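Here is what each chain is made of, one letter per residue.
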Amino acid sequence: MMKDRVYIFDTTLRDGEQSPGASMNTEEKIKIAMQLQKLGVDIIEAGFAAASPGDFDAIRRICEVVDKSRVCSLARAVEKDIVLAGESLEGAALKRIHTFIATSPIHMEHKLKMKPDEVVKRAVEAVKLARTFTDDVEFSCEDAGRSEMPFLKEILDAVIEAGATTLNIPDTVGYRLPQEMGEMIKELSLHVGERAIISVHCHNDLGLAVANSLFSVMNGARQVECTINGLGERAGNAALEEIVMAMKTRSDIFSNVETAIITKEIYPTSRLVAAITGIEPQPNKAIVGKNAFAHESGIHQDGMLKCQETYEIMRAEDIGLEQNRLVLGKHSGRHAFKDRLEALGFELSQEDLDKAFERFKKLADKKKEIFDDDIRMLIASEITNIPQAFELVGLQIADCSAGVPSAAVTIRHNGETITDAGIGDGTIDAIFKTIDRISGHVGVLKDYRVEAVSQGKDALAKVVVNVQFDENRGAVIGHGLSIDTMLASAKAYIGALNSYLSMLPSECSIDSCEGV
Ligand code: KIV
Ligand code: ZN
């Protein structure tokens, strides 16, 4: 039987980035976009071009490296937004403009202060303008979940006529229940017929985003918008990995549809997004949580040993997760290291491989046992460690039990090596204040977290900080990885500083605006 394709539209870089504390710099977005392409995502929503010059630039740069997935740029139904979206996609091999306007009575009356007729007119103008840049135009009825059916049909007819090719029905506030969502999509699919593809975009406020997306597919939706690890505004969006694995595992029910996702890339993609955003999925999160394939109770372990299917409905290997095996140690050679990287899905250039091997050897000198998770973190931090305005060269701290906590920090900046020392309320405070003094940028620490990457007393410490360097801009994330927590903290803080500096506009011609 010929199966219908369900297009996977990933919005990790746009809606996902709207998660509190998930802002990413351009280089990080490029790495994620390339991994999303490897995962087999059909459409990558790369950003909201009018939000800031940084967003605009990130979309442009993503277009330069992504050629198999379609790159999409979001725009409100506003002339300036659509022109910027079109310009941001100039270099794309495959492109889409996604424009939207709210259609629910509450949004039209209170937010837009527009009459329904004006909303339809604006939507039609937006789609027509978008079509002058590309023939692939998506239109979204924001807050469709609380919009009235007759009005939805009216506006969808009008935008199809204007040239929209995909019609997105977002449950913007996560209000719908699965059955209702299914009924709504069925009615709209029957109404629209072959004229356009129906898409859904479900938020997770009631924990129903994935269920709502699946019910929509069962009722005719052929595009699903989702994010890696379920990132997104408030409670997040529908998680890509859950939708794809539900459709695959229950192919008896989803027998007439398929996606093009390469499921073995799910776990590496999830790890990359977690490493870059600093937002770890909860341990019991379906598919990609740390415990998703862990069997703790004796009864379960016994069953698993007798027959894996007693307690497992999917195989960990299907999502690219192998056991967190003890793999390498200090005597392991370059060949073994390269083999392990390949098994974990990393393809590095010779130069990157040499650098990673050097870091691995340094780690293996300090840490007896190296696990897969150590290697993943090592590579992810290498990947995210791109252009550095400031680079940590050395750190010395004084034992705080002996008096006032102090730190001496050496940093390289513009080819110059600068050392300074300072005191603080605690050792970490002393390190951060000294970095502030050297760099001339004073940060306010909003969040500080330390986690062990793998197991053992000598586990790698991963420090994640959220720092605000400018009161007019949001906080930025920094990560540091080391066997020594203080060193990891200094690296994380400098990482945040570098990220902040890389996001500063070089020339500011686009007014920044509130996120959608
Ligand atoms: O949730 C929403 O309505 C959105 C739209 C911009 C599609 O993110
Ligand atoms: Zn959304």
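As a reminder, the structure under discussion sits directly above these lines.
Notes on the structure in this doc start here. Please read all numbers here as calculations on a predicted model, not as lab measurements. (Residues numbered from 1 in each chain as written. Chains lettered and ligands numbered in written order. Predicted model: local features only at pLDDT ≥ 70, side-chain atom pairs only at ≥ 80, totals over all residues. Heavy atoms only, no water.)

**Examining the coordination of the zinc ion (ligand 2)**
Where we set the bar: Any N, O or S atom lying within 2.8 Å of the metal counts as a donor, and for Na, K and Ca the limit rises to 3.2 Å; water is left out, so some sites can look incomplete. In DSSP terms, a helix is any run of H or I states spanning at least four residues, a strand is any run of E spanning at least two, and both are numbered starting from the N terminus. For the exposure calls, accessible area comes from a 1.4 Å probe over protein chains only, and a residue counts as buried if that area is under 20% of its type's maximum, exposed if over 50%, partly exposed in between.
On the protein side, the zinc ion (ligand 2) has Asp15 (OD), His201 (NE2) and His203 (NE2) as donor atoms, found 2.0 to 2.1 Å from it. Considered as a linear motif, the donors of the zinc ion (ligand 2) on their single chain read D-x185-H-x1-H. Within this pair, whereas aspartate 15 is found in the loop between β2 (7–10) and α1 (26–39), its partner histidine 203 is found in the loop between β8 (197–202) and α8 (209–218), the two being separated by 188 residues in sequence. For histidine 203, a relative accessible area of 4% gives the class buried.

**Quick notes on the sheet that holds strand β14 (residues 406–413)**
Using the following cut-off: Two strands are counted as paired when DSSP detects at least two bridges linking them. An axis is simply a line fitted to the C-alpha atoms; with a helix, the fit covers only the stretch in contact. Between two such axes, the angle follows the N-to-C directions and lies from 0 to 180 degrees. Any two residues having at least one pair of non-hydrogen atoms within 4.5 Å are treated as being in contact.
Taken in spatial order, the three strands line up as β13-β14-β15 in an open sheet, and their pairing is antiparallel. Because the sheet does not close on itself, it has two edges, and the strands there are β13 (390–397) and β15 (416–423). Each neighbouring strand pair of the sheet contributes to a mean axis angle of 20°, computed without reference to strand direction. Sheet topology places β13 next to β14; seven bridges connect them, and they run antiparallel. Residue leucine 395 lies in a different strand from β14, and its bridge partner there is valine 409. Across the sheet, helix α15 (residues 427–439) is in contact with β13, β14 and β15; its angle to β15 comes to roughly 140°. Packed onto the sheet, helix α16 (residues 485–503) meets β13 and β14 and runs at close to 155° relative to β13.

**Notes on the nonpolar core**
Stated precisely, the cut-off is as follows: Residues enter a nonpolar core if they are buried and are Ala, Val, Leu, Ile, Met, Phe, Trp, Tyr or Cys, with the set joined through side-chain atoms within 4.5 Å. An automatic or database domain assignment supplies the residue ranges for each domain.
Ranked by internal contacts, the top residues of the largest apolar core, which has 98 residues, are Phe139, Leu156 and Leu167. With nine residues, helix α6 (residues 149–162) is the single largest residue contributor to this core. Residue-level mapping places this core at the junction of two domains, with at least three residues from each of domain 1 (4–277) and domain 2 (293–318). Setting aside residues no more than four positions away along its own chain, leucine 167 makes contact with Phe139, Leu156, Val159, Ile160, Val192, Ala196, Ile197, Ile198 and Ser199. Residues Val409, Phe432, Ile438 and Val465 belong to the second largest nonpolar core, which totals 22 residues.

**Notes on the side chain of threonine 166**
Tracing the sequence through the fold places threonine 166 in strand β7 (residues 166–171). Among the residues examined, threonine 166 registers a relative accessible area of 2% and is labelled buried. Not counting residues within four places of it along the chain, the set of residues in contact with threonine 166 comprises Arg96, Val137, Glu138, Phe139, Ile197, Ser199 and Gln223.

**Topic: the site of ligand 1**
To be explicit about the condition: Think of it this way: one heavy atom of a residue within 4 Å of a molecule or strand is enough to make that residue near it. We call two N or O atoms a polar contact when they sit within 3.5 Å, provided that within protein one can donate a hydrogen and the other can accept it, with sequence-adjacent residues counted only if both atoms are side-chain atoms. Residue-level accessible areas treat just the shown protein chains as cover; the underlying method is Shrake-Rupley with a 1.4 Å probe. Residue classes follow a fixed rule: Ala, Val, Leu, Ile, Met, Phe, Trp, Tyr, Cys and Pro count as nonpolar, while Asp, Glu, Lys and Arg count as charged, and any other residue, Gly among them, counts as polar.
In the neighbourhood of ligand 1, the contacting residues comprise Arg14, Asp15, His98, Phe100, Ser140, Glu142, Asn168, Pro170, Thr172, His201 and His203. In this structure, an oxygen atom belonging to ligand 1 sits 3.0 Å away from a side-chain N or O atom of aspartate 15. For ligand 1, an oxygen atom lies 3.1 Å from a polar atom in the side chain of histidine 201. In isolation ligand 1 has 260 Å² of accessible area, and contact with the protein removes 95% of it. Contributing elements (two or more residues each) for the shell around ligand 1: β5 (95–102), β6 (137–142) and β7. Taken together, the residues of the shell around ligand 1 break down into two nonpolar, six polar and three charged.

Purely spatial values, then, with no claim about function.
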